[in-house]
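# Working through the structure, step by step
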Amino acid sequence: MKRVVVTGSGGQIGSELVPHLRRLYGAEKVLATDLRPVSGPLAEGGPFACLDVRDGEAFSALVRHFRADTVLHLAGLLSARGEKDVALAWDVNVNGSATALEVARQEGTAFFFPSSIAAFGPSTPKKETPQETLQRPTTIYGVGKVALELLCDYYHLKFGVDTRGLRFPGLISHETQPGGGTTDYAVHIYYEAVRKGNYTSFIAPGTFMDMMYMADALDAVVGLMEADPARLVHRNAFNISAMSVDPEAIASAIGKVIPGFTIAYDVDPLRQAIAESWPDSLDCSAARKEWDFAPRYDLETMTREMLDRIASKGG
Ligand code: NAD
Ligand code: AKB
């Protein structure tokens, strides 16, 4: 990667990925874009442009003028939000992503697509979910992720576009709040722990999902995009995860740092049903083998850092 355009950069991932890339490649080499203007470090730390990813002409012009060699396509609607507005989720997640991929083909750039554990469904093996297995998701978000995984592979095979993707688990971070997903509880719990010493979870105890700390997710994006293409047997998209946890496990890790922390439950049927349709834990051996994926944070180290950082910002 030398000159990178990032879509949807004001969200949970982009707000940390853009500064990370600017530190690695130079501030002027990373163009952040989003639907609406953003404020703060993203806008001040380097170039920014407004872009609706469904506008192919504007998208192409921007990539051409920036002389980008890579498009990191983060724009999208998350799982719970998608179920509440199915038409918009399809339009942005599928039509917008297909537009982004076509721009990459026309402008000759590499293309990164963030897939998700949501690309799996209830008929997928739940434990140690293999890299290649049944993918029959039951959310519009997941259906879109499978469609784009396939389309990205197709563009690689048919047109030679250098498409690469990750199946992100729930990402846990302290810079920007998550944007309407099922794994959001695993971020909210840390804020509420610092602010109130207790948390009411919308996900039931015993519901296991894969999670990962944002620092490891940023390293994974760079690691995959910089990987030697000759080593990549798979492309779209790699299983990655750092831990398989349920709300009780996170609560217990928090309790070791904040004695007396308590968790209660008020389960949201929509998000609980989505969570139950996803895997408990992924097999990440293909990512480890093909591009040396190796997350640094486990539940304990992530928990200490999350609580420290949130407390240092005053909650
Ligand atoms: P987010 O909801 O925090 O941010 C998404 C961004 O996309 C927002 O800034 C929004 O303004 C922008 N956007 C929406 N519609 C747009 C449009 N038409 N044109 C341009 N921008 C638009 O999402 P995120 O958590 O940063 O996730 C980014 C990507 O990673 C998404 O594709 C998501 O599905 C995927 N992903 C995220 C997670 C996670 O836990 N955060 C896990 C798996 C996959
Ligand atoms: C969501 O919960 O929708 C996302 C994801 C795992 O894709 N965090």
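In the nomenclature of an unreviewed UniProt entry, the protein is known as NAD-dependent epimerase/dehydratase family protein of Aminirod propionatiphilus.

Our focus in this paragraph is the overall build of the protein. Looking only at helices and strands, the protein features 12 helices and 12 strands. A compact globule built from 315 residues should have a C-alpha radius of gyration of about 20 Å, and the protein, at 19 Å, falls within 12% of that. Its C-alpha atoms give the protein principal-axis dimensions of roughly 55 × 45 × 40 Å. Across the 315 residues that make up the protein, the buried fraction comes to 49%. When contacts within the protein are restricted to residue pairs at least 6 apart in sequence, those whose partners lie at least 24 apart make up 78%.

The next thing to look at is the site of ligand 2. Within the structure, ligand 2 sits among Leu 78, Ser 79, Ser 116, Ile 117, Ala 118, Gly 170, Gly 181, Thr 182 and Thr 183. Across the shell around ligand 2, the residue classes tally to 3 nonpolar, 6 polar and no charged.

Turning to the nonpolar core, a few remarks are in order. Of all hydrophobic cores here, the largest spans 92 residues; its most connected members are Val 5, Val 6, Val 71, Ile 172 and Ile 240. A total of 7 residues in this core trace back to one element, the largest contributor, which is helix H7 (residues 185-196). Not counting chain neighbours up to four residues away, the residues in contact with Val 6 comprise Gly 14, Leu 17, Val 18, Val 30, Ala 32, Thr 33, Leu 72 and Leu 74.

Looking now at the packing of H7 against helix H12 (residues 299-312). Angle between the axes and distance between the axes: these two values describe a pair of packed helices. Axis separation between H7 and H12 bottoms out at 9 Å; the angle between their running directions is 55°. It follows that H7 is oblique to H12 by the angle criterion. The element H7 and its partner H12 pack so that their crossing is right-handed. Contacts from Tyr 190, Tyr 191, Ala 193 and Val 194 in H7 reach Met 306, Leu 307, Ile 310 and Ala 311 in H12. Among the residues making up the contact of H7 with H12, the classes are represented as 8 nonpolar, no polar and no charged.

Reading guide: rules and limits
- Residues numbered from 1 in each chain as written.
- Chains lettered and ligands numbered in written order.
- Predicted model: local features only at pLDDT ≥ 70, side-chain atom pairs only at ≥ 80, totals over all residues.
- Helix = DSSP H or I, 4+ residues; strand = E, 2+ residues; numbered from the N terminus.
- Rg over C-alpha atoms; globule rule 2.2 N^0.38 Å.
- Buried ≥ 20, exposed ≤ 12 C-beta atoms within 10 Å, placed from the backbone.
- Contact = placed C-beta atoms within 7 Å.
- Near = placed C-beta within 6 Å.
- Nonpolar A, V, L, I, M, F, W, Y, C, P; charged D, E, K, R; others polar.
- Core = buried A, V, L, I, M, F, W, Y, C linked by C-beta atoms within 7 Å.
- Axes fitted to C-alpha atoms, helices over the stretch in contact; angles between N-to-C directions.
- Parallel < 35°, antiparallel > 145°, perpendicular 65-115°, else oblique.
- Left-handed = near helix turned anticlockwise from the far one by under 90°.

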